[in-house]
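# Topology and contacts: notes
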Amino acid sequence: MQHITKRFAGYSALEDITFDVNPGRFVSIVGPSGCGKSTLLNMIAGLLPPSSGLVDIFGEPLAALNRRASYMFQQDALLPWKTVLGNIQLGLTFRGQTGPDAAGEAKAWIERVGLQGFGDRYPHQLSGGMRKRGRDRHFRHSRSGGSHRAL
Ligand SMILES: Nc1ncnc2c1ncn2[C@@H]1O[C@H](COP(=O)(O)OP(=O)(O)OP(=O)(O)O)[C@@H](O)[C@H]1O
Ligand SMILES: [Mg+2]
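Reference entry: report on the structure contained in this document. No experiment lies behind these values; they were computed from the predicted model shown. (Residues numbered from 1 in each chain as written. Chains lettered and ligands numbered in written order. Predicted model: local features only at pLDDT ≥ 70, side-chain atom pairs only at ≥ 80, totals over all residues.)

What follows concerns unusual backbone geometry. Phi at His-3 takes a positive value of approximately 50 degrees, unusual for a residue other than glycine. Along the chain, the position of His-3 falls in strand S1 (residues 2-8). Here His-3 falls in the exposed class, since 12 other C-beta atoms lie within 10 Å of it. Located in the positive-phi region is Phe-58, a residue other than glycine, with phi close to 45 degrees. Relative to the helices and strands, Phe-58 is located in the loop between strand S4 (56-57) and strand S5 (60-61). (Helix = DSSP H or I, 4+ residues; strand = E, 2+ residues; numbered from the N terminus. Buried ≥ 20, exposed ≤ 12 C-beta atoms within 10 Å, placed from the backbone.)

Right, dumping it as structure tokens:
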């Protein structure tokens, strides 16, 4: 990130943030509530444009969604009108995978995360931990493929 600034309607949430993350490094961003952690991650994920500055991913300026990122939102991001299976499949659809193969892969993930028997439940019918496992699969699938990368 190079000289990143983010303003919301005149309020400056982040001011001139610059740092590099070398490949293979594990990095934590720590700070008090409201200091801008989620704002920073949203910009690295390509969901929020910086007001100024540059986000560089593996040497390329980020101009849209960061397809190399897996991102688990702070807030629950499962679609309430879709079942567990539907939510997981949606991530595959975003990746361009549809049809019987996608359905099979989504079902396999349900088993891997211990949600077997819950594929036709809606998010409000799950426990907090179950929702977390569902949304993790949902967003990992949204990536373009390949190995999991740090943001
Ligand atoms: N969409 C928005 N519109 C206006 N202000 C916003 C918006 N999003 C975040 N902010 C403000 O920007 C600042 C940083 O918010 P952010 O959500 O990044 O904090 P955080 O470090 O993730 O906090 P927490 O630890 O509570 O999750 C806060 O003051 C917040 O009120
Ligand atoms: Mg936050």
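Continuing now.
For the rest of this paragraph, the subject is the nonpolar core. Core analysis: the biggest nonpolar cluster contains nine residues, these being Ile-4, Leu-14, Leu-40, Met-43, Ile-44, Ala-45, Val-55, Leu-62 and Ala-69. When near neighbours in sequence (up to four residues on either side) are disregarded, Met-43 contacts Ile-4, Lys-6, Leu-48, Pro-50 and Val-55. Counting residues in each nonpolar core, the second largest holds seven residues, with Ala-106, Trp-109, Ile-110 and Leu-115 among its members. (Core = buried A, V, L, I, M, F, W, Y, C linked by C-beta atoms within 7 Å. Contact = placed C-beta atoms within 7 Å.)

Here the focus is the packing of helix H2 (residues 84-94) against helix H3 (residues 99-112). Look at H2 against H3: their axes get within 9 Å of each other, and the N-to-C directions meet at 120 degrees. Taken as axis vectors, H2 and H3 run oblique relative to one another. Considering only the axes of H2 and H3, their crossing is right-handed. Residues Val-84, Leu-85, Ile-88, Gln-89 and Leu-92 of H2 lie in contact with H3, whose contacting residues are Ala-102, Ala-103, Glu-105, Ala-106, Lys-107, Trp-109 and Ile-110. (Axes fitted to C-alpha atoms, helices over the stretch in contact; angles between N-to-C directions. Parallel < 35°, antiparallel > 145°, perpendicular 65-115°, else oblique. Left-handed = near helix turned anticlockwise from the far one by under 90°.)

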